[in-house]
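Take a look at the letters that make up each chain.
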Amino acid sequence: MISQTLADAFSGFSADSMPASSRAHAARVYADTVACMVGGLCDAEVARFARRFSGHGVTEPLTGLKAAYGNLALILGFAAAALELDDGHYETGSHPAAHAAAGALAVAAQLKSDDKARFEAFVVGYEVGARVGLGTTLRPDAHGHGTWGAIGAAAAAAHLTGREPEDFAAILDIAGGLGLGTSVTAPMKGGTIRSAWVGVAARNGLLALDLHDAGVTGEPGGIEAVFGKVLGSAFDADAAAAGLGETFLIDTNFMKLDASCRETQGALAAFRAAWPAGHAASEIAWVEIATFDPAANLSEREPVNVMAGRFSIPATVALAAGAKPITAANYEAAVQSPMMREVMRRIEVVEDPDATDALPVRRCTARVHLIDGTEYEATVDGAPGDADQPLSPADLRAKFDALFAEAGRGDADAMYARLTADA
């Protein structure tokens, strides 16, 4: 069973066993995720939600949040995803770091674990959760958030509490039955619940450990059953276990500077490549974005709120056409702007069957037609931040500093050094 295979591989894990390059990259992802949490705690919905639970319990030292340890995972997972800036992984279908970090930080706060143990738990949670995702063929109407992420959080908790492989595997099996049934269209329709799914799954991962310690048992082979027949249509245990001990999936993640759904960002890169400096959005007659399925589904020209804007190629490209950074504030302004809404209506998204056939290469073409008849076109494969187009350490550090500054934190230098000390 995959639970035992993963438990055997990661019980007693030490980051010292990782290649130096993988360990350094994992530290950058870890720091980036904590910064997303710090910034996300300032999101209005997250802040209101956190106030219902915070103020009593244990204090998480990296973010400063105080709450009961299960609620720490709930809030921090929500915060990590709230800004749409956290890492993700194409082949696994979701965002492993946010789920894993929420579980790791919460349990580490409860146990008063040291920084190295907390980082190692993050890596374990990332790898275990991501490998379940890698083996899963998720049903097309399901969103990846909140599904196998519960298993990643459970793995982080099992690692921090020093579980032997048999107990570790039993905890994973319980967590396999605690994933959420999530809808891929929810964020396109403006459902901000999409970010909260991460926190709920992280909390459920810790619940798996508590249930195990109370004597509750999961279904043997529960991961295969749930992710192969219920949330997914198939589960490939061999794919999930491929390269264990030799490769780390975190090495092939993507990272982001633009606060939008990842599958908008190939279109964004293509438009930026085609769009010359000096033009105004009002000069656009129409834009065609030709891309692969499922990115072509992100075609809403009338987004109802910031979340829907983040999952809309027309809204995201309209911001770029107006030389606006891709941020929540600018989406909010665009949704309320008659001029920007008119630009969105001029942007058409179509599926390019050749691009779909080219997957896993993520190919997008932008064709820009100006009112004066001028035309521009560009095609790109992938987007900045992909594994083959990594963001520079300087860009990631600037993002980290900006998120800490927006949260009113003056300790970015010290915290970045602390979070990357094990690199």
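The structure under discussion appears in the preceding block.
Computed from a prediction, not measured in an experiment: that's the story for all the values here. (Residues numbered from 1 in each chain as written. Predicted model: local features only at pLDDT ≥ 70, side-chain atom pairs only at ≥ 80, totals over all residues. Heavy atoms only, no water.)

## Comments concerning empty space enclosed by the protein
Basically, it comes down to this: Cavity means a closed set of points on a 1 Å grid over the protein atoms alone, one where a 1.4 Å probe fits but cannot get out, pocket means an open set with protein on both sides within 12 Å along at least 5 of 7 lines, and lining means a residue has an atom within 4 Å of a point. Grid points are joined across faces, edges and corners, and a volume is the space filled by probe spheres set on the points. Residues are grouped as follows: Ala, Val, Leu, Ile, Met, Phe, Trp, Tyr, Cys and Pro are nonpolar; Asp, Glu, Lys and Arg are charged; all remaining types, including Gly, are polar. A helix here means a DSSP run of H or I that spans at least four residues, while a strand means a run of E at least two residues long, and both kinds are numbered starting from the N terminus.
Overall, the coordinates contain 2 cavities of 30 Å³ or more when judged by the stated rule. Volume-wise, the largest cavity comes out at about 50 Å³. Forming the walls of the largest cavity are Tyr90, Arg262, Glu263, Gln265, Gly266, Phe292, Arg362, Cys364, Gly382 and Ala383. Grouping the amino acids of the lining of the largest cavity by side-chain chemistry returns 4 nonpolar, 3 polar and 3 charged. Together, Tyr30, Leu62, Asp115, Arg118, Phe119, Arg418, Leu419 and Asp422 line the second largest cavity. If you list the elements that add at least two residues to the lining of the second largest cavity, you get helix H6 (115-135) and helix H19 (412-419). Here the lining of the second largest cavity takes 3 residues from H6, the largest share from any one element. Residue composition of the lining of the second largest cavity, by class: 4 nonpolar, no polar and 4 charged.

## Looking at a negative patch on the surface
What counts, and what does not: Only residues whose relative accessible area exceeds 30% and that form no salt bridge are eligible for patches; like-charged ones are grouped when within 9 Å, while nonpolar side chains (Val, Leu, Ile, Met, Phe, Trp, Tyr) are grouped when within 5 Å. For the accessible areas, the method is Shrake-Rupley and the probe is 1.4 Å, while residue cover comes only from the protein chains on display. Whenever a carboxyl oxygen of Asp or Glu lies within 4 Å of a side-chain nitrogen of Lys or Arg, that contact is scored as a salt bridge. In this count, Lys and Arg are taken as positive residues and Asp and Glu as negative ones, while His and the chain termini are left out. Charge positions are represented by NZ for Lys, CZ for Arg, CG for Asp and CD for Glu.
A contiguous patch of negative charge on the surface is contributed by Asp293, Glu351, Asp354 and Asp357. With respect to the helices and strands, the residue Asp293 is situated in the loop between strand S5 (284-291) and helix H13 (306-310).

## So, helix H10 (residues 222-230)
Defined as follows: Each residue gets one of three labels from its accessible area relative to the maximum for its type: buried under 20%, exposed over 50%, partly exposed in between, using a 1.4 Å probe on protein chains only. Throughout, a contact is declared for two residues whenever any of their heavy atoms are within 4.5 Å.
When we look at burial in H10, the residues that qualify are Gly222, Ile223, Ala225, Val226, Phe227 and Gly228. Those residues of H10 that are buried lie in contact with helix H1 (2-10), H6, strand S3 (136-138), helix H7 (149-160), helix H8 (165-176) and strand S4 (232-235).

## Quick word on the packing of aromatic side chains
Using the following cut-off: Aromatic pairing here means that ring centres of Phe, Tyr or Trp (its six-membered ring) are within 6.5 Å. Orientation follows from the plane angle: under 30 degrees is stacked, over 60 is edge-to-face, and everything else is tilted.
What the rule picks out here adds up to 11 aromatic pairs. Ring geometry for Tyr30 and Phe119: centres 5.5 Å apart, planes at 55 degrees, overall tilted. Remark: Phe119 occurs in helix H6 and Tyr30 occurs in helix H2 (residues 20-40); sequence separation between them is 89 residues. In terms of burial, Tyr30 and Phe119 fall into one category: buried.

## Some words on unusual backbone geometry
Backbone torsion omega between Asp293 and Pro294 reads 25 degrees, so that peptide bond is classified as cis. Here Pro294 lies in the loop between S5 and H13. That bond from Leu359 to Pro360 is cis: its omega, 15 degrees, falls within 30 degrees of zero. You can see Pro360 is positioned in the loop between helix H17 (353-358) and strand S7 (363-370). Its identity as a non-glycine residue notwithstanding, Lys112 has a phi of 55 degrees, on the positive side. One can find Lys112 in the loop between helix H5 (96-111) and H6. For Lys112, a relative accessible area of 70% gives the class exposed.

## Describing the environment of Asn71
Within the secondary structure, Asn71 sits in helix H4 (residues 69-82). The class of Asn71 is buried, set by a relative accessible area of 19%. Taking C-alpha positions, Asn71 is 8.1 Å from Ala106, a pair spaced 35 residues apart along the chain.

## With respect to the packing of H7 against helix H9 (residues 193-213)
Keep this limit in mind: All axes are obtained by fitting lines to C-alpha atoms, using only the stretch in contact for helices, and the reported angles, taken between N-to-C directions, cover 0 to 180 degrees. Under this scheme an angle from 65 to 115 degrees is roughly perpendicular, one under 35 degrees roughly parallel, and one over 145 degrees roughly antiparallel; angles in between are oblique. Whether a crossing is left-handed or right-handed is set by the direction in which the near helix is turned from the far one by less than a right angle, anticlockwise for left-handed and clockwise for right-handed.
In the contact formed by H7 and H9, the axes pass within 7 Å of each other and the chain directions differ by 50 degrees. Judged by the angle between their axes, H7 and H9 are oblique. For the crossing formed where H7 meets H9, the hand is right-handed. From H7, Gly149, Ala150, Ala153, Ala154, Ala157 and Ala158 reach across to H9, where they touch Ala201, Ala202, Asn204, Gly205, Leu206, Ala208 and Leu209. Class assignment of the residues belonging to the contact of H7 with H9 gives a composition of 10 nonpolar, 3 polar and no charged.

## Some details on the side chain of Thr63
The following threshold applies: We call two N or O atoms a polar contact when they sit within 3.5 Å, provided that within protein one can donate a hydrogen and the other can accept it, with sequence-adjacent residues counted only if both atoms are side-chain atoms.
Take Thr63: it is sitting in the loop between strand S1 (58-59) and strand S2 (66-67). Among the residues examined, Thr63 registers a relative accessible area of 10% and is labelled buried. From its side chain, Thr63 meets the backbone nitrogen of Leu65 in a polar contact 3.4 Å long. Apart from residues no more than four positions distant in its own chain, Thr63 is found in contact with Met37, Val38, Leu41, Leu76, Leu105 and Arg409.

## Remarks on the environment of His212
Structurally, His212 is set in helix H9. His212 has contacts with Arg163, Asp167, Ala170, Ile171 and Ile174, leaving out every residue within four places of it along the chain.

## Some points on the sheet that holds S7
Quick reminder of the rule: Strand pairing is assigned whenever DSSP identifies at least 2 bridges connecting the two strands.
Judged by pairing direction, the sheet is mixed, and its 4 strands sit side by side in the order S6-S5-S7-S8 without closing on themselves. Of all strands in the sheet, those with a lone pairing partner are strand S6 (347-351) and strand S8 (375-381), marking the two edges. Pairs of neighbouring strands in the sheet enclose a mean axial angle of 15 degrees, with direction left out of account. In this sheet, S8 lies alongside S7 in antiparallel orientation, the contact comprising 7 bridges.

## A few points about the environment of Ala323
By the element assignment, Ala323 lies in the loop between helix H14 (313-321) and helix H15 (328-335). In sequence terms Ala323 and Val200 are 123 residues apart; their C-alpha atoms lie 36 Å from each other.

## Some thoughts on the nonpolar core
Operational definition: Remark: nonpolar core denotes a set of buried residues (Ala, Val, Leu, Ile, Met, Phe, Trp, Tyr, Cys) joined through side-chain atoms within 4.5 Å.
Counting 98 residues, the largest nonpolar core has Phe122, Ile151, Leu172, Phe227 and Phe400 as its most contacted members. For this core, the element with the most residues is H5, which contributes 11 residues. When sequence neighbours within four positions are dropped, the list of residues in contact with Leu172 reads Ser3, Leu6, Ala7, Val128, Ile151, Ala154, Ala155 and Ile223. In this structure, Ala267, Phe271, Ala274 and Leu370 belong to the second largest nonpolar core, which totals 41 residues.

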